[in-house]
Amino acid sequence: MKFIILYSLIIATIIVHYRGKVRYKFFRQLTDHSTFMAPINVPMYALSEVENKPYIKTDYFPELAALRANWETIRDEAILLEREELIKGSDKYNDIGFNSFFRRGWKRFYLKWYGNFHPSAEKYCPKTVELLKNTPHIKAAMFAVLPAGSQLMQHRDPYAGSLRYHLGLITPNSENCNIVVDGQSYAWKDGEDVMFDETYIHHAQNQTDIDRLILFCDVERPVKTMFGRGWNRFFGWFVMSAAASPNMGDDKTGNLNKIFKYVYSIRLVGKRLKAYNERLYYAVKYVLMFLIVYALFLRHVI
């Protein structure tokens, strides 16, 4: 049974690795979260009712037309949040999903996250919340700012059960402010939207002097079979909701984020070791990985 699990992990990882044109190098792929999520994500790809491509037609989701039609209403509420400096990065280790983005200046204000709407969102953005309530396939939503002159490095998002939706609110309307998904570029524009598969490798940049503000959503991936739909919703409820991060005091903090600050202290030790001696850091990292694999799968064989 252990070897069945190990072989399934290897096969699923190979499928994920070769799925796109842009790929990580071997050791980056080996330690990336997409490797450990591969056995969960590959069934989502196989059962997907939408095309498995970097960019997805928004026509699959007619309910999103209401957001496009009311983009100026959504924009106006986002502007008020910006004036109050409520769209911001977390000053605590309580946002496991986007923690690495904050040091690059990226900012967000959550509207909902795989569950109920944040109380702060209902208070400050009632019109946007009402529009989102009429789009039930949206599982998570936020306002997100990519500041002038900043960039987000290559990465994948962990779970294939959703698709990423962006609606431009205030943008430079320039090709120099863009996202590149599996090597294909898209430049944000005011009032225009785009949907893409965030489990392809992607990166973003804003090489202008104007901040980019968008509505950023996770839309439930349509999948075939009752089992596929049930599994997707269960995983969203049980795992993804545990990564809920607050805007302010009354908002929910998920269980993953409650323990993240303690886990991140180990990561900080690793960063200090890497700064001291990079070769030693990678040697320790791969030895630890081998010991984990050995303990789980090879202990009774070697």
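Residues numbered from 1 in each chain as written. Predicted model: local features only at pLDDT ≥ 70, side-chain atom pairs only at ≥ 80, totals over all residues. Heavy atoms only, no water.

### Quick word on unusual backbone geometry
Peptide bonds are trans in most cases, and residues, glycine excluded, mostly fall at negative phi. Unusually for a residue other than glycine, Tyr114 sits at a positive phi of about 45 degrees. Its place among the elements puts Tyr114 in the loop between strand 2 (107–113) and helix 7 (119–124). You can call Tyr114 buried: its relative accessible area is 11%. The phi torsion at Thr225 lies on the positive side, around 75 degrees, for a residue other than glycine. Along the chain, Thr225 falls in the loop between strand 10 (212–220) and helix 9 (226–238). Relative accessible area serves as the criterion here: at 39%, Thr225 is assigned to the partly exposed category. (Helix = DSSP H or I, 4+ residues; strand = E, 2+ residues; numbered from the N terminus. Buried < 20%, exposed > 50% of the residue type's maximum accessible area, 1.4 Å probe, protein only.)

### A word on the nonpolar core
Residues Tyr55, Phe98, Trp106, Trp113, Met142, Ile179 and Trp188 are the most contacted members of the largest nonpolar core, which totals 39 residues. Contributing elements (two or more residues each) for this core: helix 1 (2–17), helix 3 (33–47), helix 6 (99–102), strand 2, strand 3 (138–146), strand 6 (177–181), strand 8 (193–196) and strand 10. When residues of this core are assigned to their parent elements, the largest contribution, 6 residues, is made by helix 3. When residues no more than four places from it in sequence are discounted, the contact partners of Trp188 are Leu146, His166, Thr171, Asn173, Ser174, Cys177, Asn178, Ile179, Ala204, Gln205, Arg212 and Ile214. Counting 32 residues, the second-largest nonpolar core is a separate cluster that includes Ala78, Ile87, Phe117 and Leu131. (Core = buried A, V, L, I, M, F, W, Y, C linked by side-chain atoms within 4.5 Å. Contact = heavy atoms within 4.5 Å.)

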